[in-house]
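Listed below, chain by chain, are the residues.
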Amino acid sequence: MSKDNVESTYFRRTSRWKLILVLLIFALIATVIISINVGYAQISFPDILTILAKQIPFLNGFTASSTIQPSAESIILQIRLPRIMAGVLVGAALAAAGVLYQGVFKNPMADSYVLGVSAGAAVGASFSILFGVSFVFLGLRLVQVAAFLGALAAMFLVYNISRVGSRVPVATLLLCGIAVNFFLFAVVGLLEVVAGDELHSIVFWLIGGFSNVLWKDIWAMLPFIVIGVVVAYFYARDLNLLAMGEETAHHLGVNVERSKQILLVLASMITAAAVSICGLVGFVGLMIPHVTRLIIGPDHRILLPTSTIIGAIFLVICDDLARVVATPFASTLELPVGIITMLFGAPFFIILFKRKKQSYSV
Amino acid sequence: MVANLVLLNIDGVECRYGSVKVLEDVSLSVKGGDFLGILGPNGSGKTTLLKSISRILKPQKGTILLNEADIYSLKSVDVAKQLAVVPQDTSIGFNFAALDIVLMGRNPHMKRFQMESEKDMAVARKVMKLTNIWHLAERPINELSGGEKQRVIIARALAQEPKILLLDEPLTHLDIVNQLEIMDLVKDLCVKEKLVVLAVFHDFNLAARYCESAILLKEGKIFSAGSLTEVLTSENIKSVFNVDAIVTKHLVTNSVFVIPLSPQKSSPAKKCSIHLICGAGTGTALMKVLLDEGYSVTAGVLNVLDTDFETAQFLKIPVTVEAPFSSITEKTHKANLEMISEASTVVLTSVPFGLGNLQNLEAALAALRRGIPTFVIEEVPIERRDFTGGKAKALLAELKRGGAEFVKDQNELLSLLNVSVEKLKTAKEERNRILAHLKPGEVHKGTKIKDKGEKK
């Protein structure tokens, strides 16, 4: 192995990263278009492409829309597309947050449950379902707003309990997070017990699903997720250094406490936005970063963007399955996507992990 | 002195963990090209001192100035450009390649959105070649051995292009070749690049070999500071570590050389004295062991500057001495015999015999003739250490005929001694009782005459 070889391989890596990202973006677009075709009403691919093209200003002149039924157009634009876009957004958000949590905590088990973020969202959502579903705040449903605020409140609570002087040790954070998590889920349990007729809604929210997603839910949360992921990317190299241990990162010039604080706030904000759209979709945030790390390697500068896109693709596919697996039994029944992510994601993860176990360590 | 040399000034630093003081009033000053060893027992504050310098643990009192700026007021990135740390514990979370990890050392020199440049790569290559790990560049870190990993960590620290290098027991996981290679490299950088090196050592001799100066910490305070010869004295080692140590100059490296002795065992005094006839280092180990076992020990005749003489001096063992590199004179021989007459038993080590010390063998024979039990250690056959043309061999044969106990090594000797210690004691008392009836002058006179007579 000559030295030039090592160096050129290293520098070629950057262009390989770009290629991977481009391919993944194409894969995501393909997944979205194919997913539009999935559903009870059969709409052909040419029709789908025509309907989509009509929405794009420069392409609508070239399309002949006369053949397409208005019902097909509204199914696609008002029912399927928002749902798929929610899948893209939520999958991307959860996977990105997972990368951030695992990186900051240097712990493979870390995800949005760790800081009590999910639990906080669950409490907020359960309360709002129980006491005022019809209430609308700034054009958004109360359940969404309450989940978002609940998630952030839980994160700040855990963060401040764990603070020792100006430092927030990771071990304390994990333990406080777990304690607060149990407490909040106990509150959720209590609410479920007294819920009566609303129990069904709470349970559905806790599993997570896209059946009621509207465009405005997506638009409301899009900025949080996009800004969160983009800002987090600026800290990708800090995450690499944090993986070396906090003291080492400190010696290498990272302002550890500040980076940690920013990254945790970003991760929690992204998670809060995602779960407020669709409820607690489990396993994406835990699994996707691992899978991506197996394929791509541990460098967060590529791990974060690839995980984000793979998370989006994964969740969209899971939602496709959620829509179709139950149709042979009952045409209108669909499963919550949270069940699919866990039911199909877990075995897939185990198989992948078994095959590459020897070279993998966290 | 060059003006742009880096300067680290520590003044009156005090650190606590809660209410426990771990550092108290520590002051020191180092500049480019200094190699300072930090010595002291576990818990004496060595690592804490490094932590306070590397801004992990802010001191409650005192200042740490880096080029006259308070190190705690600087930005992390600016400190990391000047100061690198090789920590004790080197666990690494995710499985990065060795090159990736070394390139992380470039972090303080990179802007937030920058990727590694050709220059960063050139630095990484240079330090990885220095630390001899360039061939491992693409290997995942968790597949490397402990020594290789440590080299990667050191390369990463060097990739920071620091002016100050803090090493916290950097050699813990390394074998001897790795230790010397790494320390030679660090020393080289210290001399040529005017790097400041502050290193925590547990091995005095390694410290002595590489450091110019050292501080010795005891319970968080500087017990002694200065050049290695000033700091590493047996008195200092005794009061800080509570261990006896022989401090000499090493013959090959010419640095201070410390031989720590195992802590004094508290065997009860046996009231049984042993006279050693030794020389050329054959008695050194035995002296310490016998003292530990509770015997009182004397030795002679030894030449001044002989290894055994120096050990005896250190252990405060009474010795009959002869001038350096001189044959034993009749006068010293007599003095030795007097000393022997006080002993319960005589032990003769596997010392080589030449014409200069042949009389020691005669002294052993004299002791035997006078009824003092005599042990002969024959680790090396007499043929190989007889430089008297057979005279020593003949005397040794005579010792054997006269009933001297021959043993093959120190361990056999010790077990025999321990078994017969009571017998030895009573034998001596018996002898003293007989001798007590004679006048003191006559004892020695008589003995001498008798010896001479038998020799002829």
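These figures come from a predicted structure and were not determined experimentally.

Quick notes on the overall build of chain A
So, step 1. Along chain A, the regular secondary structure elements total 14 helices and two strands.
So, step 2. By the compact-globule yardstick of 21 Å for 362 residues, chain A fits well, its C-alpha radius of gyration being 21 Å.
So, step 3. Taking the principal axes of the C-alpha coordinates as reference, chain A spans close to 65 × 60 × 40 Å.
So, step 4. Across the 362 residues in chain A, those meeting the buried criterion constitute 47%.

A look at the interface of chain A and chain B
So, step 1. Facing 26 residues of chain A, the contacting portion of chain B comprises 29 residues.
So, step 2. Broken down by secondary-structure element, the contributors of at least two residues to the side of chain A that touches chain B are helix 1 (3–36), helix 9 (236–242) and helix 10 (246–251) of chain A.
So, step 3. In terms of residue count, helix 1 of chain A provides more of the side of chain A that touches chain B than any other element does, five residues in total.
So, step 4. Grouping the amino acids of the side of chain A that touches chain B by side-chain chemistry returns eleven nonpolar, nine polar and six charged.

What to know about the domain arrangement of chain A
So, step 1. Split by domain assignment, chain A resolves into domain 1 (42–76) and domain 2 (99–359).
So, step 2. For domain 1 of chain A and domain 2 of chain A, the distance between their C-alpha centroids amounts to 35 Å.

Let's talk about the sheet that holds strand 3 (residues 35–39) of chain B
All names here are of chain B.
So, step 1. Strand order across the open sheet formed by six strands is 6-7-8-3-9-10, with mixed pairing between neighbours. Looking along the sheet, the strands with just one partner apiece sit at the ends: strand 6 (83–86) and strand 10 (221–227). Taking each pair of neighbouring strands and ignoring which way they run, the sheet shows an average axis angle of 15°.
So, step 2. Inspection of the sheet shows strand 7 (residues 164–168) paired to strand 8 (residues 196–200) by five bridges, in the parallel sense. From the neighbouring strand, Asp-168 faces strand 8, where its bridge partner is Val-200.
So, step 3. Taken strand by strand, helix 5 (residues 146–159) contacts strand 6 and strand 7, and its axis lies near 175° from that of strand 6.

Concerning the nonpolar core
So, step 1. With 189 residues, the main nonpolar core has Ala93(A), Ala96(A), Ile270(A), Val102(B) and Val197(B) as its most contacted residues.
So, step 2. Examining the composition of this core, we find that 18 residues originate from one element, helix 3 (residues 70–105) of chain A, more than from any other.
So, step 3. Beyond its immediate stretch of four places on either side in the chain, Ile270(A) contacts Ala93(A), Ala96(A), Ala97(A), Phe224(A), Ile225(A), Gly228(A) and Val229(A).
So, step 4. Grouped together as the second largest cluster of nonpolar side chains are 46 residues, Ile328(B), Ala367(B), Leu413(B) and Leu424(B) included.

Observations concerning the domain arrangement of chain B
So, step 1. Here the domain parsing of chain B yields domain 1 (7–260) and domain 2 (273–455).
So, step 2. For domain 1 of chain B versus domain 2 of chain B, the separation of C-alpha centres amounts to 50 Å.

Section: helix 12 (residues 330–341) of chain B
Residues and elements named next belong to chain B.
So, step 1. For helix 12, which comprises twelve residues, the first-to-last C-alpha distance of 17 Å matches the rise-based estimate of 16 Å (1.5 Å per residue) to within 8%.
So, step 2. Of all the positions in helix 12, only Thr-332, His-333, Asn-336, Leu-337 and Ile-340 are classed as buried. End-on view of helix 12: buried residues confined to an arc of 145°, all on one side of the axis.

Things to note about unusual backbone geometry
One can expect most non-glycine residues to show negative phi and most peptide bonds to be in trans.
Residues and elements named next belong to chain B.
So, step 1. The omega angle of the peptide bond from Gly-300 to Val-301 is -10°, so this bond is cis rather than trans.
So, step 2. Non-glycine residue Lys-194 carries a positive phi angle of around 55°.
So, step 3. Along the chain, Lys-194 falls in the loop between helix 6 (176–192) and strand 8.
So, step 4. The backbone of Lys-316 sits at a positive phi, close to 60°, despite the residue not being glycine.
So, step 5. Note that Lys-316 resides in the loop between helix 11 (307–315) and strand 15 (319–322).

Points about the confidence of the model for chain B
One rule of thumb: low pLDDT means the predicted coordinates there are not for detailed reading.
All names here are of chain B.
So, step 1. Residue-level pLDDT values for chain B average 84, and 90% of them are 70 or greater.
So, step 2. Confidence drops under pLDDT 50 across residues 442–456; counting only partners more than four residues distant or on other chains, this segment forms twelve contacts.
So, step 3. As scored by the predictor, the complex reaches a pTM of 0.77 and an ipTM of 0.82.

Some thoughts on the packing of helix 5 (residues 142–162) of chain A against helix 6 (residues 170–195) of chain A
All names here are of chain A.
So, step 1. Where helix 5 meets helix 6, the closest approach of the two axes is 9 Å, and the angle between their N-to-C directions is 135°. By the criterion of interaxial angle, the relationship of helix 5 to helix 6 is oblique. Helix-helix and strand crossings are classified by hand; for helix 5 and helix 6 the assignment is right-handed. Where helix 5 abuts helix 6, its residues Ala-154, Leu-157, Val-158, Ile-161 and Ser-162 lie against Thr-172, Leu-173, Cys-176, Gly-177, Val-180 and Leu-184.
So, step 2. Here the residues of the contact of helix 5 with helix 6 sort into eight nonpolar, three polar and no charged.

A closer look at the sheet that holds strand 1 (residues 7–17) of chain B
The strands making up a sheet associate through backbone hydrogen bonding, with each pair oriented either parallel or antiparallel.
All names here are of chain B.
So, step 1. Spatial ordering of the open sheet is given by 2-1-4-5, a layout of four strands whose pairing is antiparallel. Strands with a single pairing partner mark the edges of an open sheet, and in this sheet they are strand 2 (20–31) and strand 5 (69–70).
So, step 2. Running at roughly 65° to strand 2, helix 1 (residues 46–53) makes contact with strand 1, strand 2 and strand 4 (61–66) of the sheet.

Observations concerning helix 3 of chain A
Residues and elements named next belong to chain A.
So, step 1. Between its terminal C-alpha atoms helix 3 stretches 51 Å, which fits the 52 Å expected from 36 residues at 1.5 Å a residue.
So, step 2. For helix 3, the principal kink sits at Arg-80 and spans about 35°; a proline, Pro-82, occurs within the next four residues.
So, step 3. Two residues or fewer after helix 3 comes Lys-106, characterised by a positive phi angle close to 55°.

The rules we used
Residues numbered from 1 in each chain as written. Chains lettered and ligands numbered in written order. Predicted model: local features only at pLDDT ≥ 70, side-chain atom pairs only at ≥ 80, totals over all residues. Helix = DSSP H or I, 4+ residues; strand = E, 2+ residues; numbered from the N terminus. Rg over C-alpha atoms; globule rule 2.2 N^0.38 Å. Buried ≥ 20, exposed ≤ 12 C-beta atoms within 10 Å, placed from the backbone. Contact = placed C-beta atoms within 7 Å. Nonpolar A, V, L, I, M, F, W, Y, C, P; charged D, E, K, R; others polar. Domains from an automatic or database assignment. Pairing = 2+ DSSP bridges. Axes fitted to C-alpha atoms, helices over the stretch in contact; angles between N-to-C directions. Core = buried A, V, L, I, M, F, W, Y, C linked by C-beta atoms within 7 Å. Expected span 1.5 Å × (residues − 1). Arc of directions from axis to C-beta. pLDDT = per-residue confidence, 0-100. Parallel < 35°, antiparallel > 145°, perpendicular 65-115°, else oblique. Left-handed = near helix turned anticlockwise from the far one by under 90°. Bend = angle between axes of the 7 residues up to and from the residue.

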